[in-house]
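Okay, here's what each chain looks like letter by letter:
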Amino acid sequence: MTDSWSLGDTHLQSRLMIGSALYPSPQVMQTAIEASGADIVTVSLRRQTAGQNMDTNHWQWLNQMPVHWLPNTAGCYGVREAVTTAHMAREMFDTHWLKLEVIGDEQTLQPDPFGLVEAADLLIKDGFEVFPYMTDDLVLAQRLVDVGCRILMPWASPIGSGQGIRQPQNLQLLRERFPEVQLIVDAGLGRPSDAATAMELGCDGVLLNSAIALSPDPTRMAQAFGHAVAAGRMG
Amino acid sequence: MSQRPNAINLPERESQEIEVNHVPHRLTTPLSVTSLLTQLAHPLDGVAVAVNGAFVPKSQWCTQTLNPGDQIEVVAPMQGG
């Protein structure tokens, strides 16, 4: 069954988006990403140390893959830092897509809602398609839509926690209140059934990383998530 | 405690320093971003640069001159979630 859709101005086949971090090796990463069927892969930026040979290993593998890049602003705690990182990412990856992260809490990596809205506003005015990494808060979603976000990425639970969807009714509410917005659940999904549930709640897609990358068999888990997303969409 | 050089030279010496990814470097002559990256053996492809927290597009690397006290950030692609 084909279930093509569009995100922003791009036509896609898969509703599963996948992160490129934490895999045991670049080879496993590549195989897992291919097995997932994902069209969109998240990437990041890191500081170079002077004189050090660039660790291009993962990037060389990634760069060969026929996927769309979704750069993030991971590790940014302030608006200015996130905006500068966004501009560096746009040049580096040649895309106006941006997974905007403005972190408010170091322990849970919970987004800072105030900084997120401010940064999203600046970046949208500057031509970015912002994918804001957010909590599942209704009013935050409204503020982000108000500044022009066409895509929202509420978490299911704290990033890397694998707790699954902690507040399904909040995602349901976001779906009901923002029928025109592309809703992508990002962070906290642990099992393929969590991804199926997110799709059953009416989300347009899911983005995950550690549940696949840290699994004992990432390739198999990537396939399982791919099937779960399709099943949840059909169900 | 290290011996302080004389009071006239100290501020001048300190003022000639820049930081690249938080590592101090002595600025011996005025440099462009391109010259700095070359001097530090950074690759010119596959990196992006910010100076004092502001993005510097690649098209401006040759013309943007670095000043003492500048904080330079050089980033490269990496895997991410």
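Higher on the page you've got the structure.
Residues numbered from 1 in each chain as written. Chains lettered and ligands numbered in written order. Predicted model: local features only at pLDDT ≥ 70, side-chain atom pairs only at ≥ 80, totals over all residues. Heavy atoms only, no water.

> Help me out: how do you make sense of the overall build of chain A in this one?
Per the secondary structure count, chain A includes nine helices and 10 strands. In terms of C-alpha radius of gyration, chain A reaches 17 Å, essentially the compact-globule figure of 18 Å for 235 residues. C-alpha atoms of chain A, sized along the principal axes, occupy 50 × 40 × 35 Å. Out of the 235 residues belonging to chain A, those deemed buried represent 57%. Working note: accessible area of chain A is about 9900 Å², and carbon and sulfur atoms make up 48% of it. (Helix = DSSP H or I, 4+ residues; strand = E, 2+ residues; numbered from the N terminus. Rg over C-alpha atoms; globule rule 2.2 N^0.38 Å. Buried < 20%, exposed > 50% of the residue type's maximum accessible area, 1.4 Å probe, protein only. Areas by Shrake-Rupley, 256 points an atom, 1.4 Å probe, with all protein chains shown as cover.)

> I would appreciate a short explanation of helix α3 (residues 79-93) of chain A in the present structure.
Two residues of an α-helix separated by three or four positions point the same way, owing to the 3.6 residues in each turn. All names here are of chain A. In this model, α3 (15 residues) spans 21 Å end to end at C-alpha, consistent with the 21 Å of a helix rising 1.5 Å per residue. Counting buried positions along α3 gives 11 out of 15 residues, so the element sits mostly inside the fold. Every buried residue of α3 is listed here: V79, A82, V83, T84, T85, A86, H87, M88, A89, M92 and F93. Looking one or two residues beyond α3, the residue adopting positive phi is D94, at roughly 55 degrees. (Expected span 1.5 Å × (residues − 1).)

> Is there a simple way to explain the interface of chain B and chain A in this structure?
You'll often see interface size given as the accessible area lost when the parts meet. Chain B puts 27 residues into the contact, and the matching count from chain A is 28 residues. Its largest share of buried area at the contact with chain A, chain B owes to P77, Q79 and G81 of chain B, together 27% of the area lost on that side. Where chain B touches chain A, the interface holds zero salt bridges. Here chain B is connected to chain A by 11 residue pairs in polar contact (both at pLDDT 80 or more). Looking at the side of chain B that touches chain A, the elements that each hand over two or more residues are β4 (48-51), β5 (54-56) and β7 (71-79) of chain B. Split by residue class, the side of chain B that touches chain A holds 14 nonpolar, 10 polar and three charged. One ladder, built from five bridges, connects strand β4 (residues 40-47) of chain A with β7 of chain B; its direction is antiparallel. Residue V43 of chain A lies in a different strand from β7 of chain B, and its bridge partner there is Q79 of chain B. (Contact = heavy atoms within 4.5 Å. Buried area = accessible area lost by both parts, 1.4 Å probe. Salt bridge = Lys/Arg side-chain N within 4 Å of Asp/Glu carboxyl O. Polar contact = N/O pair within 3.5 Å; in protein donor to acceptor, adjacent residues only side chain to side chain. Nonpolar A, V, L, I, M, F, W, Y, C, P; charged D, E, K, R; others polar. Pairing = 2+ DSSP bridges.)

> Would you mind showing me how to read the pattern of salt bridges here?
As enumerated under the stated definition, the model contains nine salt bridges over all chains in all. The salt bridge partner of R175 of chain A is D204 of chain A, with a shortest N-O separation of 2.8 Å. Within this pair, whereas R175 of chain A is found in helix α6 (residues 168-177), its partner D204 of chain A is found in the loop between α7 (192-200) and β10 (205-208), the two being separated by 29 residues in sequence. Like D204 of chain A, R175 of chain A is buried. Among the salt bridges present, the one from K58 of chain B reaches D45 of chain B, with a minimum N-O distance of 3.5 Å. With a gap of 13 residues between them, K58 of chain B in the loop between β5 and β6 (65-66) and D45 of chain B in the loop between α2 (33-39) and β4 connect regions that are remote in the sequence.

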